[in-house]
Amino acid sequence: DAGVIQSPRHEVTEMGQEVTLRCKPISGHDYLFWYRQTMMRGLELLIYFNNNVPIDDSGMPEDRFSAKMPNASFSTLKIQPSEPRDSAVYFCASSLYQATNEKLFFGSGTQLSVL
Amino acid sequence: GDSVTQMEGPVTLSEEAFLTINCTYTATGYPSLFWYVQYPGEGLQLLLKATKADDKGSNKGFEATYRKETTSFHLEKGSVQVSDSAVYFCALSSFQKLVFGTGTRLLVSP
């Protein structure tokens, strides 16, 4: 298996633009997680899905952020409009059952820079 | 809520030195505990885990013991290598998700 695949690896955009990050989880994994990593706040869970259904989105910072999982092999995280404070590395991760006792498989991340 | 506290970095060591990275946690119930490692430009990878009190997780020469009495899960390695330079994250399981610490950067020089 190719692992968790994220695209793009790097994204540079201007404030106010829409940004869409993409993730393909490992086939057969029931759980998908979106994390954001910054120097100030470390690794924060934004939202996670179970069988394509959003379970907990309490970490989504505000209404500008939205996430979807239209099928078991694809998820998107959208920021509209983007702001400079959204600059961070965004990671997608998947797991076979759930986080408890089961390891997460992380993608390589998307480095987002909002100018 | 549940949380993890790690020692601030960076931790700077010479090759073959002994490593300890402290991690303490606050949790309701009895979570599983994890150490993840992030090499430059990559996503996090599971390094080791422990699922109950007094369990010891180990991998690649790294060890950590689940201490319920001190709510700790300190990471240790007897002799670090330059290739161990990375960011190390302590984490616990909480209601179907992982809660991560802020990470500790380790720099090992030859």
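This one's a predicted model, so the numbers in the text were calculated from it and none came from an experiment.

1. What to know about the nonpolar core
Part 1 of the argument: Among the nonpolar cores identified, the biggest contains 26 residues, and Leu19(B), Trp35(B), Leu47(B), Leu48(B), Phe73(B), Leu75(B) and Tyr88(B) are the most heavily contacted of them.
Part 2 of the argument: Those elements that provide at least two residues to this core are strand E2 (11-14), strand E3 (19-21), strand E4 (23-26), strand E5 (33-38), strand E6 (44-50), strand E8 (62-65), strand E10 (86-94) and strand E12 (104-109) of chain B.
Part 3 of the argument: The element contributing the most residues to this core is E10(B), with four residues.
Part 4 of the argument: Beyond its immediate chain neighbours, meaning those up to four positions away, Phe73(B) contacts Cys23(B), Leu33(B), Phe34(B), Trp35(B), Leu48(B), Lys49(B), Ala50(B), Ala64(B), Thr65(B), Tyr66(B) and Cys90(B).
Part 5 of the argument: Membership of the second largest hydrophobic core comes to 21 residues, among which are Leu32(A), Leu46(A), Phe65(A) and Val114(A).

2. Side note on the sheet that holds strand E7 (residues 65-71) of chain A
Residues and elements named next belong to chain A.
Part 1 of the argument: What the four strands build is an open sheet, ordered E1-E3-E8-E7; its pairing is antiparallel. Strand pairing shows two members of the sheet lacking a second neighbour, strand E1 (5-7) and E7, which therefore form its edges. Sheet twist, expressed as the mean angle between neighbouring strand axes with direction ignored, is 15°.

Definitions and limits used
- Residues numbered from 1 in each chain as written.
- Chains lettered and ligands numbered in written order.
- Predicted model: local features only at pLDDT ≥ 70, side-chain atom pairs only at ≥ 80, totals over all residues.
- Heavy atoms only, no water.
- Core = buried A, V, L, I, M, F, W, Y, C linked by side-chain atoms within 4.5 Å.
- Buried < 20%, exposed > 50% of the residue type's maximum accessible area, 1.4 Å probe, protein only.
- Helix = DSSP H or I, 4+ residues; strand = E, 2+ residues; numbered from the N terminus.
- Contact = heavy atoms within 4.5 Å.
- Pairing = 2+ DSSP bridges.
- Axes fitted to C-alpha atoms, helices over the stretch in contact; angles between N-to-C directions.

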